[in-house]
Amino acid sequence: RTINYELQALHTFYKWAVARNYLFVNPVSLVERFRIPKRSLPKFLTTDQLRKLLAACNEWERRLFTTFLMTGMRKGEVAHLTWADINFELNIIFIQEKPEWDWKPKTDERVIPISPPLRDLLLTHYDQRTSEKLVFPNKEGNLDTHILPKLIKVCRKADIKPATVHSLRHSFGAHLRMAGVSLADIADLLG
């Protein structure tokens, strides 16, 4: 990819030089570019792997990773999730900009519905909260920036291939699709 980008830059430069009559021919126009294999399919966890993962979690980790799996939120969205973002009356989570942390969602702000099992989990988590502001803070009550190491540790404990936080998002989408949810609805939920 890097060489292809460099070839493209040279091709553009020499095309400019030909247009200005500094050269007669673009020497890069006949150079063949590398064929880049198509990206691999997104990785997701199977139902069995998800069961093992959640069984290997402590209670706090189970709530954290279940929230990922039942909402499809990105790592930054969960790390910056505040109790004010959750409306238990309307059963929604509002993903919105957090100027105090200089953080914006990767895509537009959106609303994620809360399923009944997730609602129960979040209410239990609220009753045992360690921060009045953040839903999933670190031990000091600040933003938790070490979610991936926790996930890798739990994957090792569960004896499954280490997953990424983003693979939990892919798992949310893949399992919804396997359950027959339309791609348009999945795209809306994932933002």
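Residues numbered from 1 in each chain as written. Predicted model: local features only at pLDDT ≥ 70, side-chain atom pairs only at ≥ 80, totals over all residues. Heavy atoms only, no water.

Novice: So what exactly am I meant to see when it comes to the environment of Thr67 here?
Specialist: Along the chain, Thr67 turns up in helix H3 (residues 59-71). Residue class for Thr67 comes out buried when judged on its relative accessible area of 0%. Linking Thr67 and Ile114, residues 47 residues apart in sequence, is a C-alpha distance of 9.7 Å. What Thr67 contacts, discounting residues up to four positions off in sequence, is Gly72, Met73, Leu118, Leu121, Leu122 and Phe136. Of the polar contacts made by the side chain of Thr67, one reaches the backbone oxygen of Arg63; its length is 2.7 Å. (Helix = DSSP H or I, 4+ residues; strand = E, 2+ residues; numbered from the N terminus. Buried < 20%, exposed > 50% of the residue type's maximum accessible area, 1.4 Å probe, protein only. Contact = heavy atoms within 4.5 Å. Polar contact = N/O pair within 3.5 Å; in protein donor to acceptor, adjacent residues only side chain to side chain.)

Novice: Would you mind going over unusual backbone geometry with me for this structure?
Specialist: Glycine aside, residues mostly have negative phi angles, and peptide bonds mostly take the trans form. The backbone of Asn21 sits at a positive phi, close to 65 degrees, despite the residue not being glycine. As for its position among the elements, Asn21 is in the loop between helix H1 (2-19) and helix H2 (47-56). A relative accessible area of 68% means that Asn21 is categorised as exposed. With a phi angle near 60 degrees, Asp159 is a residue other than glycine that sits in the positive phi range. With respect to the helices and strands, Asp159 occurs in the loop between helix H6 (147-158) and helix H7 (165-178). For Asp159, a relative accessible area of 68% translates into the label exposed.

Novice: It is not clear to me how the nonpolar core should be interpreted in this structure. Could you clarify?
Specialist: If you look at soluble globular proteins, the nonpolar side chains tend to sit buried side by side. If you look at the biggest cluster of nonpolar residues, it comprises 35 residues, and the most contacted ones within it are Phe65, Ile86 and Ile93. Looking at this core, the elements that each hand over two or more residues are H2, H3, helix H4 (75-79), strand S2 (92-95), helix H5 (116-127), H6 and H7. Among the elements that line this core, the one with the most residues is H6, at five residues. Filtering out sequence-adjacent residues up to four positions away, Phe65 remains in contact with Leu54, Cys57, Ile147, Lys150, Leu151, Val154 and Leu168. (Core = buried A, V, L, I, M, F, W, Y, C linked by side-chain atoms within 4.5 Å.)

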